[in-house]
Amino acid sequence: MSDPNTMLLQANLRQLKLPTMLAEHDKLAREAAEHDESYHAYLLKLTELEVATRTTNAIAARIRAAAFPVTKELDTFDFTATPSVPKQTVLELARGGWVDRHSNCCLIGASGTGKTHLASGIGVSLCRLGKRVRFVTAAGLVTELEEAHQQHRLDRTLTALDRLDLLIVDELGYLSFSRSGAELLFQVFADRYERRSLLVTSNLPFGEWGTVFQGERMTAALLDRLTHQCDILELTGESYRFRESMQAKQAKTDRTTKTTKAKK
Ligand code: ADP
Ligand code: MG
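The structure presented is a predicted model; accordingly, all values stated were derived computationally and were not measured. (Residues numbered from 1 in each chain as written. Chains lettered and ligands numbered in written order. Predicted model: local features only at pLDDT ≥ 70, side-chain atom pairs only at ≥ 80, totals over all residues. Heavy atoms only, no water.)

Regarding the overall build of the protein chain
Reasoning step 1: Helices and strands together make up the secondary structure of the protein chain, namely twelve helices and five strands.
Reasoning step 2: The C-alpha radius of gyration computed for the protein chain amounts to 25 Å, which surpasses the reference 18 Å derived for 264 residues by more than 25%, pointing to a less compact arrangement than a globule.
Reasoning step 3: Buried positions account for 38% of the 264 residues belonging to the protein chain.
Reasoning step 4: Long-range contacts, defined as pairs at least 24 residues apart, comprise 79% of the intrachain contacts of the protein chain with a sequence gap of at least 6.
Reasoning step 5: As displayed, the protein chain has an accessible area near 15700 Å², and 54% of this comes from carbon and sulfur atoms.
Reasoning step 6: Considering the protein chain, the positive charge centre built from 35 side chains and the negative charge centre built from 33 side chains are found 6 Å apart. (Helix = DSSP H or I, 4+ residues; strand = E, 2+ residues; numbered from the N terminus. Rg over C-alpha atoms; globule rule 2.2 N^0.38 Å. Buried < 20%, exposed > 50% of the residue type's maximum accessible area, 1.4 Å probe, protein only. Contact = heavy atoms within 4.5 Å. Areas by Shrake-Rupley, 256 points an atom, 1.4 Å probe, with all protein chains shown as cover. Lys, Arg positive; Asp, Glu negative; His and termini not counted. Charge placed at Lys NZ, Arg CZ, Asp CG, Glu CD.)

Digging into the packing of helix 8 (residues 154-162) against helix 9 (residues 179-192)
Reasoning step 1: Packing of helix 8 against helix 9 brings their axes to within 11 Å, and their N-to-C directions diverge by 40 degrees. In this view, helix 8 runs oblique relative to helix 9, as classed from their interaxial angle. Two packed elements cross with a definite hand, and for helix 8 against helix 9 that hand is right-handed. Facing Leu154, Leu158, Leu161 and Asp162 of helix 8, the residues of helix 9 in contact are Leu184, Gln187, Val188 and Arg192.
Reasoning step 2: Residue composition of the contact of helix 8 with helix 9, grouped by class: five nonpolar, one polar and two charged. (Axes fitted to C-alpha atoms, helices over the stretch in contact; angles between N-to-C directions. Parallel < 35°, antiparallel > 145°, perpendicular 65-115°, else oblique. Left-handed = near helix turned anticlockwise from the far one by under 90°. Nonpolar A, V, L, I, M, F, W, Y, C, P; charged D, E, K, R; others polar.)

Observations concerning empty space enclosed by the protein
Reasoning step 1: A complete count under the given rule lists one cavity of 30 Å³ or more for this structure.
Reasoning step 2: In this structure, the largest cavity spans a volume of roughly 40 Å³.
Reasoning step 3: Together, Asn104, Phe189, Arg192, Tyr193, Arg196, Leu198, Arg225 and Leu226 line the largest cavity.
Reasoning step 4: Listing elements by their share of the lining of the largest cavity, those giving two or more residues are helix 9 and helix 11 (216-228).
Reasoning step 5: Looking at the lining of the largest cavity, its residues break down into four nonpolar, one polar and three charged. (1 Å grid on protein atoms, 1.4 Å probe; cavity = no way out; pocket = protein on both sides within 12 Å on 5 of 7 lines; lining within 4 Å. Points joined across faces, edges and corners; volume = space filled by probe spheres on them.)

Observations concerning the site of ligand 1
Reasoning step 1: For ligand 1, the set of nearby residues contains 15 residues, the closest of which are Lys72, Asp78, Gly112, Thr116 and His117.
Reasoning step 2: For ligand 1, an oxygen atom lies 3.1 Å from a polar atom in the backbone of Gly114.
Reasoning step 3: His117 is positioned with one of its side-chain polar atoms (N or O) 2.6 Å from an oxygen atom of ligand 1.
Reasoning step 4: Computed on the free molecule, ligand 1 has an accessible area of 560 Å², of which 86% lies beneath the protein chains in the complex.
Reasoning step 5: For ligand 1, the cavity whose grid points lie within 2 Å of the majority of its atoms is the largest pocket.
Reasoning step 6: The biggest single contributor to the shell around ligand 1 is helix 6 (residues 115-128), with three residues.
Reasoning step 7: Residue composition of the shell around ligand 1, grouped by class: three nonpolar, eight polar and four charged. (Near = heavy atom within 4 Å. Polar contact = N/O pair within 3.5 Å; in protein donor to acceptor, adjacent residues only side chain to side chain. Sits in = over half its atoms within 2 Å of the grid points.)

Points about the layout of surface pockets
Reasoning step 1: What the largest pocket holds in volume is close to 460 Å³.
Reasoning step 2: Of all the secondary-structure elements, those providing two or more residues to the lining of the largest pocket are helix 6, strand 3 (166-172) and helix 12 (240-263).
Reasoning step 3: By residue class, the composition of the lining of the largest pocket is four nonpolar, eight polar and seven charged.

Observations concerning the domain arrangement of the protein chain
Reasoning step 1: Domain annotation of the protein chain identifies domain 1 (4-64) and domain 2 (67-243).
Reasoning step 2: For domain 1 versus domain 2, the distance between C-alpha centres works out to 41 Å.
Reasoning step 3: Taken residue by residue, the interface counts four residues in domain 1 and eight residues in domain 2.
Reasoning step 4: Together, the buried faces of domain 1 and domain 2 total about 520 Å²; carbon and sulfur atoms form 61% of this surface.
Reasoning step 5: On inspection of domain 1 and its partner domain 2, the count reaches two residue pairs in polar contact (both at pLDDT 80 or more).
Reasoning step 6: For the side of domain 1 that touches domain 2, the per-class residue count stands at two nonpolar, no polar and two charged. (Domains from an automatic or database assignment. Buried area = accessible area lost by both parts, 1.4 Å probe.)

Regarding the packing of aromatic side chains
Between two aromatic rings, the relevant description is the distance of the centres plus the angle of the planes.
Reasoning step 1: In total, this model carries four aromatic pairs according to the counting rule given.
Reasoning step 2: The interplanar angle of 70 degrees and the centroid separation of 5.0 Å between the aromatic rings of Phe77 and Phe79 together place this pair among those described as edge-to-face. Like Phe77, the residue Phe79 is buried in the burial classification. (Phe/Tyr/Trp six-rings, centres within 6.5 Å; stacked < 30°, edge-to-face > 60°.)

Encoded structure:
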């Protein structure tokens, strides 16, 4: 049974919402007594634990809120497999200076070249730096905006998007939008201009964005804003997925050939 002082201390720690200090104070106090540590050293250790747990939890919460489709990180991206992507530029993007400057990033390349992986990797790094990030597909965002518009809560949705330091819009170009959908997406892009950052991935070169946005004027106005301050990375080469499955097939063929030879 705890003594009254300990019980009061625990009640205070609960009221002050210091769960790690609540969980650890007793163990650390015993260790401090054993090692003859000063009161200050004890308190410092205890508060350091609370701060560290809070930081870890805040990062995890930001990554959850960002809603990455899969949490792919940059340390699993093989830069030698995609030589068109300069590693230094990507690492610089992961440091987040461009988000502080409210500039943009576009990743352009065919399917399977690693756009979503890079976008997630950069996004996760920025969550770790304390930035508010959200990952959406272009089609998902347009549906969300259209629904909000129909339900008269577009303002609320736009305000929530506006709070984000970085909005990642993946897969622009796979689907074209209705005129109203394109206008809503344009509004989001235009609102962010020089205020908040966008990272857009697309399988289409800029010259073909007119097919998505219906209308050369809107496309030109959008590209003008998006690319004004923008890192543009072009991912060339064969699909990583395709290469991997070809390699797997080749390995299987090699194994079968070896087994057949061994049998002979
Ligand atoms: P895209 O979005 O361009 O269609 P993805 O990013 O989805 O392509 O990549 C397809 C798959 O290949 C994913 O599983 C991704 O993790 C992997 N991939 C692509 N490029 C690389 C790379 N350079 N290193 C490691 N994995 C890669
Ligand atoms: Mg993708």
